[in-house]
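Analysis of the macromolecular model
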Amino acid sequence: MNIDFSKNTDGLIPAIIQDSETKNVLMLGYMNAEAYQKTLETNKVTFYSRTKKRLWTKGEESGNFLNLIAIKNDCDNDTLLIHVKPEGPTCHKGTDTCWGEENKADYGFITKLENTISTRREKADSEKSYVASLFELGINKIAQKVGEEAIEVVIEAKDENDDLFLSESADLLFHYLILLQAKGYKMDDVVKVLKSRQK
């Protein structure tokens, strides 16, 4: 990899640290050529500390190492994106990230939808909210709705109307997310099971 450490007079380039699984940005540090080389040799992310004026391996005191998964160079060859598997919190203040955020998986719109379902379950009037009314009816009714929507997906899969197939698929996923929460789970729990089956 052609990394240009000479662009800055101090020989340092930014290193963005990202969790390889959640894709959350954990911290920003700086590397010189020596820190980069040590990172490759040890598979533990090592920075150059601008305050201590020396190499610094993240976790050397706390034990919260950043285990190297992969390194990418940007288009200008002067910024690194480093994918890691963190051991414990990343920030010296004890938080998962240096921005005080929890390092948990985010599935974009699916996570937003899960949060909406959770809010409706807890706060909405069951006479005005379809989601709240389903939770009020209980697990059997919710499971029944998932079964009905699954049958609709199978029926539409055998047909030629793609719009109907996608619409029924959306209904199935929506009701499945409700069922997961009724059982005390979220999509991330299912993803963990799928990951455990990887060979």
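The model shown is predicted, which means the values in this text are computed figures rather than measured ones. (Residues numbered from 1 in each chain as written. Predicted model: local features only at pLDDT ≥ 70, side-chain atom pairs only at ≥ 80, totals over all residues. Heavy atoms only, no water.)

Topic: the sheet that holds strand β5 (residues 66-73)
Put simply, the rule reads: For two strands to pair, DSSP has to find at least two bridges joining them. Only DSSP runs of H or I with at least four residues qualify as helices, and only runs of E with at least two residues qualify as strands; both kinds are numbered from the N terminus onward. What counts as an axis is a line fitted to C-alpha atoms, over the stretch in contact for a helix, and the angles between N-to-C directions run from 0 to 180 degrees.
The four strands lie next to each other as β2-β1-β6-β5, forming an open sheet whose pairing is mixed. Each having just a single partner strand, β2 (25-31) and β5 make up the two edges of the open sheet. Going from strand to strand, the sheet's axes swing by 30° on average, the running direction of each strand aside. As paired elements, strand β1 (residues 13-19) and strand β6 (residues 80-86) share five bridges and run parallel to each other. Following the sheet pairing, Ile-17 is matched in β6 by Ile-82.

A look at the confidence of the model for the protein
What counts here: The predictor attaches a confidence to each residue, and that confidence, scored 0 to 100, is pLDDT.
Mean pLDDT for the protein: 95, with 100% of residues reaching 70 or above. Mean pLDDT across the elements of the protein ranges from a minimum in helix α6 (residues 187-196), with 94, to a maximum in β6, with 98.

A short note on the packing of aromatic side chains
The cut-off we apply is this: Side-chain rings of Phe, Tyr and Trp (the six-membered ring for Trp) are treated as a pair once their centres are within 6.5 Å; stacked means planes under 30 degrees apart, edge-to-face means over 60, and tilted covers the remaining angles. When accessible area is computed with a 1.4 Å probe and restricted to protein chains, residues below 20% of their type maximum are described as buried, those above 50% as exposed, and intermediate ones as partly exposed.
Tallied over the full model, the rule gives two aromatic pairs. For the pair Phe-5 and Tyr-36, a centre-to-centre distance of 6.3 Å together with 55° between the ring planes defines the contact as tilted. Linking Phe-5 in the segment before β1 with Tyr-36 in helix α1 (residues 33-42), this pair joins segments that are 31 residues apart in sequence. Each member of the pair, Phe-5 as well as Tyr-36, carries the same accessibility label: buried.

Let's talk about the layout of surface pockets
For clarity, the threshold we go by: In this analysis, the protein atoms alone were mapped onto a 1 Å grid. Cavities are point sets where a 1.4 Å probe fits without being able to get out; pockets are open sets with protein on both sides within 12 Å along at least five of seven lines; lining residues have an atom within 4 Å of a point. Grid points are joined across faces, edges and corners, and a volume is the space filled by probe spheres set on the points.
Counted as a void, the largest pocket has a volume near 450 Å³. In terms of lining residues, the largest pocket is bounded by 22 residues, among which Met-27, Phe-47, Trp-56, Lys-58 and His-92 are the most central. For the lining of the largest pocket, the secondary-structure elements that each account for two or more residues are β2 and β3 (46-49). When residues in the lining of the largest pocket are grouped by element, the largest group, four residues, is from β2.

Quick word on α1
It helps to recall that an α-helix has 3.6 residues per turn; residues three or four apart then point in one direction. For the record, the criterion: Here, the arc refers to the directions that run from the helix axis to the C-beta atoms. Note on contacts: a residue pair qualifies if any of its non-hydrogen atoms lie within 4.5 Å across the two residues. Counting of polar contacts relies on pairs of N or O atoms within 3.5 Å, with two restrictions inside protein: one atom must be capable of donating a hydrogen and the other of accepting it, and residues adjacent in sequence are counted only when both atoms are side-chain atoms.
If you check which residues of α1 are buried, you get Ala-35, Tyr-36 and Thr-39. Along the axis of α1, the buried positions cluster into a sector of 100°, meaning they face one direction only. Relative to its buried face, α1 has exposed residues pointing more than 90 degrees away, namely Glu-34 and Glu-41. Where α1 is buried, its residues meet β2, β3, β4 (54-57), β5 and β6. The opening residue of α1 is Asn-32, an N-cap whose side-chain oxygen sits 3.2 Å from the backbone nitrogen of Glu-34. At the exit of α1 stands Asn-43, carrying a positive phi of roughly 60°.

Considerations on the domain arrangement of the protein
Defined as follows: The domain limits used here are those given by an automatic or database domain assignment.
Split into domains, the protein comes out as domain 1 (13-86) and domain 2 (109-197). For domain 1 and domain 2, the distance between their C-alpha centres works out to 40 Å.

Comments concerning unusual backbone geometry
Residues apart from glycine generally show negative phi values, whereas peptide bonds are mostly found in trans. For Asn-43, which is not glycine, the phi torsion reads 60° and is therefore positive. Looking at where Asn-43 falls in the secondary structure, it is placed in the loop between α1 and β3. For Lys-53, which is not glycine, the phi dihedral falls at a positive 60°. Along the chain, the position of Lys-53 falls in the loop between β3 and β4.

Looking at the pattern of salt bridges
The test is simple: When a carboxyl oxygen of Asp or Glu lies within 4 Å of a side-chain nitrogen of Lys or Arg, that pair is called a salt bridge.
Summed over the entire model, instances satisfying the criterion amount to seven salt bridges. Here Lys-145 and Glu-148 are joined by a salt bridge, their closest N and O atoms 3.7 Å apart. Of this pair, Lys-145 and Glu-148 both sit in helix α4 (residues 139-157), three residues apart, roughly one helical turn. Between Lys-145 and Glu-149 there is a salt bridge; the shortest N-O distance is 3.6 Å. Pair noted here: Lys-145 and Glu-149 are both in helix α4, with a separation of four residues, about one helical turn. Like Glu-149, Lys-145 is buried. A cluster of three or more residues bridged by salt bridges with shared partners is formed by Lys-145, Glu-148 and Glu-149.

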